[in-house]
Amino acid sequence: MLTEIVQTAAESDFPLDNFHITDADLPEFRDMPFEDIEELDLDHPGASDPEYRERRDYIASLAKRFRETGEITDVDYNEQEQAIWRHVATRLEELHQKHASPFYLRAKSDLGISIERIPQLSEMNRRLKELTNFRLAPIEGLVDTRAFLSWLSWRTMLSTQYIRHHSRPEYTPEPDIVHEAIGHIPMFTNPNFADFSQFIGHGARIATDAQIEELGRLYWFTVEFGLVEHEGDIKAYGAGLLSSYGELEHAFSDKVERRPFDLEEVINHEYTYSDMQPVLYVIPSYAELKEVTRKYIESIAANN
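Values in this document were obtained by computation on a predicted structure and should not be read as measured data.

K.L.:
What am I meant to see in the overall build of the protein chain here?
P.N.:
Summing up its helical and strand segments, the protein chain has twelve helices and six strands in all. Partitioning the intrachain contacts of the protein chain with sequence separation of at least 6 by distance along the chain shows that 71% fall at a separation of at least 24. Split by element, the accessible area of the protein chain, about 13300 Å² in all, is 46% carbon and sulfur.

K.L.:
Just to check I follow, could you spell out the pattern of salt bridges for this structure?
P.N.:
Two side chains with opposite charge may pair up if their charged atoms get near one another. Enumeration according to the criterion identifies 20 salt bridges in this entry. Note that D23 is salt-bridged to R135, the shortest N-O span being 2.9 Å. Here D23, found in the segment before α1 (50-69), pairs with R135, found in strand β1 (residues 135-138); they are 112 residues apart in sequence, far enough to count as distant. Overall, the relative accessible area of 46% leaves D23 in the partly exposed class. Since its relative accessible area comes to 4%, R135 is described here as buried. The salt bridge partner of K108 is E93, with a shortest N-O separation of 2.8 Å. In this pair, K108 is assigned in helix α3 (residues 102-110) and E93 in helix α2 (residues 79-99), connecting sequence segments 15 residues apart. When its relative accessible area of 8% is taken as the criterion, K108 is described as buried.

K.L.:
Got a minute to help me understand the packing of aromatic side chains in this structure?
P.N.:
Aromatic rings in a pair are described by how distant their centres are and how their planes are angled relative to each other. Taken as a whole, this structure holds twelve aromatic pairs when the rule is applied. With centroids separated by 4.8 Å and ring planes inclined at 40°, the aromatic side chains of W220 and F225 adopt a geometry described as tilted. Summarising the burial analysis for this pair, W220 and F225 share the class buried. On the basis of an interplanar angle of 85° and a centroid distance of 5.4 Å, the ring pair of Y237 and Y286 is categorised as edge-to-face. A residue pair is termed long-range when its members are at least 10 positions apart, and Y237 in the loop between β4 (233-236) and α9 (239-242) and Y286 in helix α12 (residues 286-303) qualify at 49 residues. Y286 shares its class with Y237; the two are buried. Positioned above the aromatic ring of Y162 is the side chain of R56, whose terminal nitrogen or guanidinium carbon lies 4.2 Å from the ring centre. R168 extends its terminal NZ or CZ atom over the ring of Y171, reaching a point 4.2 Å from the ring centre.

K.L.:
Where do I start with the side chain of T189 in this structure?
P.N.:
Summarising the element assignment, T189 is placed in the loop between α6 (177-184) and α7 (191-206). Owing to a relative accessible area of 10%, T189 belongs among the buried residues under this scheme. At 2.7 Å, the side chain of T189 and the backbone oxygen of P186 are in polar contact. Contact partners of T189, with chain neighbours within four places excluded, come to F103, A107, L111, L128, L131 and T132.

K.L.:
What's the story with unusual backbone geometry in this structure? I'm lost.
P.N.:
The bulk of non-glycine residues show a negative phi, and the bulk of peptide bonds are trans. Not every positive phi belongs to a glycine, and N133 is a case in point at roughly 60°. Its location among the elements puts N133 in the loop between α4 (121-132) and β1. Phi is positive for R155, close to 50°, though the residue is something other than glycine. One can find R155 in the loop between α5 (145-151) and β2 (156-159).

K.L.:
When you look at the pairing of strand β6 (residues 279-283) in this model, what are you seeing that I'm missing?
P.N.:
Looking along a regular strand, one sees side chains alternate from face to face of the sheet. For β6, the buried fraction is high: five of the five residues fall into the buried class. Side chains V279, Y281 and I283 project from β6 onto one buried face, and the interleaved L280 and V282 project onto a second face that is buried too. Here two bridges tie strand β3 (residues 227-230) to β6, and the two strands are oriented parallel to one another. In the strand pairing of β6, V228 is matched with I283. In this structure, strand β5 (residues 257-260) lies alongside β6, joined through four bridges in parallel fashion. When the sheet's bridge partners are listed, R258 is paired in β6 with L280.

K.L.:
How should I be thinking about α7 in this particular structure?
P.N.:
Working note: α-helix, 3.6 residues per turn, so residues spaced by three or four point in the same direction. Counted at 1.5 Å a residue, the expected span for α7 with its 16 residues is 22 Å, and the 23 Å between its end C-alpha atoms agrees. Among the 16 residues in α7, 14 count as buried, and that is most of the element. Between the side-chain oxygen of the N-cap and the backbone nitrogen of N192 there are 2.9 Å, and the N-cap of α7 in question is N190.

K.L.:
Looking at this structure, I do not really get the environment of V223. What am I missing?
P.N.:
Mapped onto the elements of the fold, V223 is located in helix α8 (residues 209-224). Judged by relative accessible area, which is 3%, V223 ranks as buried. Spatially, the C-alpha atoms of V223 and F193 are 9.0 Å apart, while their sequence positions differ by 30 residues. In this view, V223 contacts H184, F193, F196, L218, Y237, G238 and A239; residues no more than four positions away in its chain are not counted.

K.L.:
Can you help me understand the packing of α7 against α8 in this one?
P.N.:
The description of two helices packed together rests on the angle between their axes and the distance between the axes. The contact between α7 and α8 brings their axes to 9 Å, and the two run at 160°. Between α7 and α8, the interaxial angle falls into the category roughly antiparallel. Between α7 and α8 lies a crossing whose hand is left-handed. In contact with F193, F196, I200, G203, A204 and I206 of α7, α8 contributes Q211, I212, L215, L218, Y219, T222 and V223.

Rules of the game
Each chain has its residues counted from 1, following the order in which its sequence is written. In view of the model being predicted, local features appear only for residues whose pLDDT reaches at least 70, and side-chain atom pairs are presented and counted only at 80 or more, with totals across whole chains, interfaces and linings using the full set of residues. The side-chain values count all of the structure's non-hydrogen atoms but skip hydrogen atoms and water molecules. Only DSSP runs of H or I reaching four residues or more are called helices, and only runs of E reaching two or more are called strands; each is numbered from the N terminus. Whether two residues are in contact is decided by their heavy atoms: any pair within 4.5 Å suffices. Each accessible area is a Shrake-Rupley result for a 1.4 Å probe, and residues are judged covered by the shown protein chains and nothing else. Each salt bridge in this description consists of a side-chain nitrogen of Lys or Arg and a carboxyl oxygen of Asp or Glu lying within 4 Å of one another. Summary of the burial criterion: residues with accessible area below 20% of their type's maximum are buried, those above 50% are exposed, and those between are partly exposed, where the area comes from a 1.4 Å probe applied to protein chains only. Two rings from Phe, Tyr or Trp (for Trp, the six-membered ring) form a pair when their centres are within 6.5 Å of each other. A pair whose planes differ by under 30 degrees is stacked, one over 60 is edge-to-face, and the rest are tilted. In this scheme, the term charge over a ring applies when either NZ of a lysine or CZ of an arginine sits within 6 Å of the ring centre and within 35 degrees of the ring normal. Identification of polar contacts relies on pairs of N or O atoms within 3.5 Å, with a donor-acceptor requirement for protein atoms, meaning one able to donate a hydrogen and the other able to accept it, and with residues adjacent in sequence counted only if both atoms are side-chain atoms. Note: two strands are recorded as paired if DSSP finds a minimum of 2 bridges between them. Multiplying one less than the number of residues by 1.5 Å gives the expected span of a helix. Axis definition: a line fitted to C-alpha atoms, limited for helices to the stretch in contact. Angles are taken between N-to-C directions and run from 0 to 180 degrees. To sort the angles, those under 35 degrees are grouped as roughly parallel, those over 145 as roughly antiparallel, those from 65 to 115 as roughly perpendicular, and the leftovers as oblique. Crossings are sorted by hand: turned counterclockwise from the far helix by less than a right angle, the near helix makes the crossing left-handed, and turned clockwise it makes it right-handed.

Given below as structure tokens:
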């Protein structure tokens, strides 16, 4: 499912509410450039570990097999990998009960995501398609922002399958199965959040380079680091928060300014991905986030 999608507005004539994507609607699955761990701006704990590199490369190679067959290959995770998962998931579980969105907690349970074992993309993919018609597609690593976001237009999230290095289970400079399965995937079971994500994908297909930067900031402050109101309280729904105990604790500390969500402010808010976030935005609901984003993408379509 992986190809660089850079189209003009004329080539991207689609209705904004085309939520009923079928497998036949999907573009051809092709290779796309991705960043090797030695190319990342941040140090990777496993970059100089040849055994880890070999294992990571093998798991990443399953993404190429997917593009040849269209079928997700399950990973036979070894005991060290399962132990990393159990360590991180167990520590996160307590924080989730305190700070995570109630919807997220239910969704994680509905998808069968537990502290006991690493979930397979294939099983989560089947359940997502049943619930919100969203899909998962394996990818080798970090890809270009436009390419990644564009696949959301087809209700498809590109997802890694390998896991972080054992020396620093609390940290990863790139997406891994902990970030994907604990952070991102449960939220796609929410119909409003799934539709909102598809709107971002629509926008990425027609956006100028400057607008792609804006969409990247919107994605960052919602999908990655979003907070939501719940019964007079504030809860986390962003994947960057939910998959990192350091970020989650920081988000609810007095070191963070939590502001009401304002689209114009968010899309113009610069951020540094290597630092803890000093400002986070709180949405009133997933339904409102969806509608605000719909109008924003409509304005991009009207002006491009």
